[in-house]
Amino acid sequence: MVDFRAEDEALGSLILIEELFQTLAKSDVVPAAKLADVVRGAVARLDTTDHFGAGAAVRHYFERWLSE
């Protein structure tokens, strides 16, 4: 854990959220289209702030959702 960085935490969070979204969609708790809307909204917010690259990171991990 000595080499643990904030980037590791961010990546882990994205992967965890992606897994959660996939589980929600597969169980029909939340429709995949609605989850895709949530991801698109997050990407749009990140793209309009000073966090350059954050929107691209989210987009990368949720590509499948965004393409549906």
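Computed from a predicted model, the values in this text were never measured in an experiment. (Residues numbered from 1 in each chain as written. Predicted model: local features only at pLDDT ≥ 70, side-chain atom pairs only at ≥ 80, totals over all residues. Heavy atoms only, no water.)

*Asks:* Give a description of the overall build of the protein chain that names residues and reports values.
*Replies:* Along the backbone of the protein chain there are four helices and zero strands. Going from N to C terminus, the protein chain has its helices and strands arranged as α-α-α-α. Within the span of the protein chain, comprising 68 residues, buried residues form 19% of the whole. For the protein chain, restricting intrachain contacts to residue pairs at least 6 apart in sequence, the fraction spanning at least 24 positions comes to 55%. With an accessible surface of roughly 5,100 Å², the protein chain has 61% of that area assigned to carbon and sulfur atoms. (Helix = DSSP H or I, 4+ residues; strand = E, 2+ residues; numbered from the N terminus. Buried < 20%, exposed > 50% of the residue type's maximum accessible area, 1.4 Å probe, protein only. Contact = heavy atoms within 4.5 Å. Areas by Shrake-Rupley, 256 points an atom, 1.4 Å probe, with all protein chains shown as cover.)

*Asks:* So what's going on with helix H2 (residues 32–47)? Which residues, and what values?
*Replies:* Helix length check: H2 (16 residues) gives 22 Å between terminal C-alpha atoms against 22 Å at 1.5 Å per residue, within 8%. Restricting attention to buried positions, one finds in H2 the residues Leu35, Ala36, Val39 and Val43. For H2, the angular spread of the buried residues around the axis is 100 degrees, confining them to a single face. Residues of H2 that are exposed and point more than 90 degrees away from the buried face comprise Ala33 and Arg45. (Expected span 1.5 Å × (residues − 1). Arc of directions from axis to C-beta.)

*Asks:* Hey, could you go over the packing of helix H1 (residues 6–26) against H2 for me, with residue numbers and the actual values?
*Replies:* Geometry of a packed helix pair, given as the angle between the helix axes and the separation of the axes. At their nearest, the axes of H1 and H2 sit 9 Å apart, and the two run at 155 degrees to each other. What the angle tells us is that H1 and H2 run roughly antiparallel. Of H2, the residues touching H1 (which contributes Phe21, Leu24 and Ala25) are Ala32, Leu35, Val38 and Val39. Classifying every residue of the contact of H1 with H2 gives seven nonpolar, no polar and no charged. (Axes fitted to C-alpha atoms, helices over the stretch in contact; angles between N-to-C directions. Parallel < 35°, antiparallel > 145°, perpendicular 65-115°, else oblique. Nonpolar A, V, L, I, M, F, W, Y, C, P; charged D, E, K, R; others polar.)

*Asks:* Which residues make up unusual backbone geometry, and what are the values?
*Replies:* Excluding glycine, most residues fall at negative phi; most peptide bonds, likewise, are trans. Within the chain, Asp28 stands out as a residue other than glycine whose phi angle is a positive 60 degrees. Examined against the element boundaries, Asp28 turns out to sit in the loop between H1 and H2.

*Asks:* Which residues make up the packing of H1 against helix H3 (residues 54–61), and what values go with them?
*Replies:* Where H1 meets H3, the axes come as close as 10 Å, and the angle between the chain directions of the two elements is 40 degrees. Between H1 and H3, the interaxial angle falls into the category oblique. The element H1 and its partner H3 pack so that their crossing is right-handed. Of H3, the residues touching H1 (which contributes Leu11, Leu14, Ile15 and Glu18) are Ala57, Val58 and Tyr61. Residue composition of the contact of H1 with H3, grouped by class: six nonpolar, no polar and one charged. (Left-handed = near helix turned anticlockwise from the far one by under 90°.)

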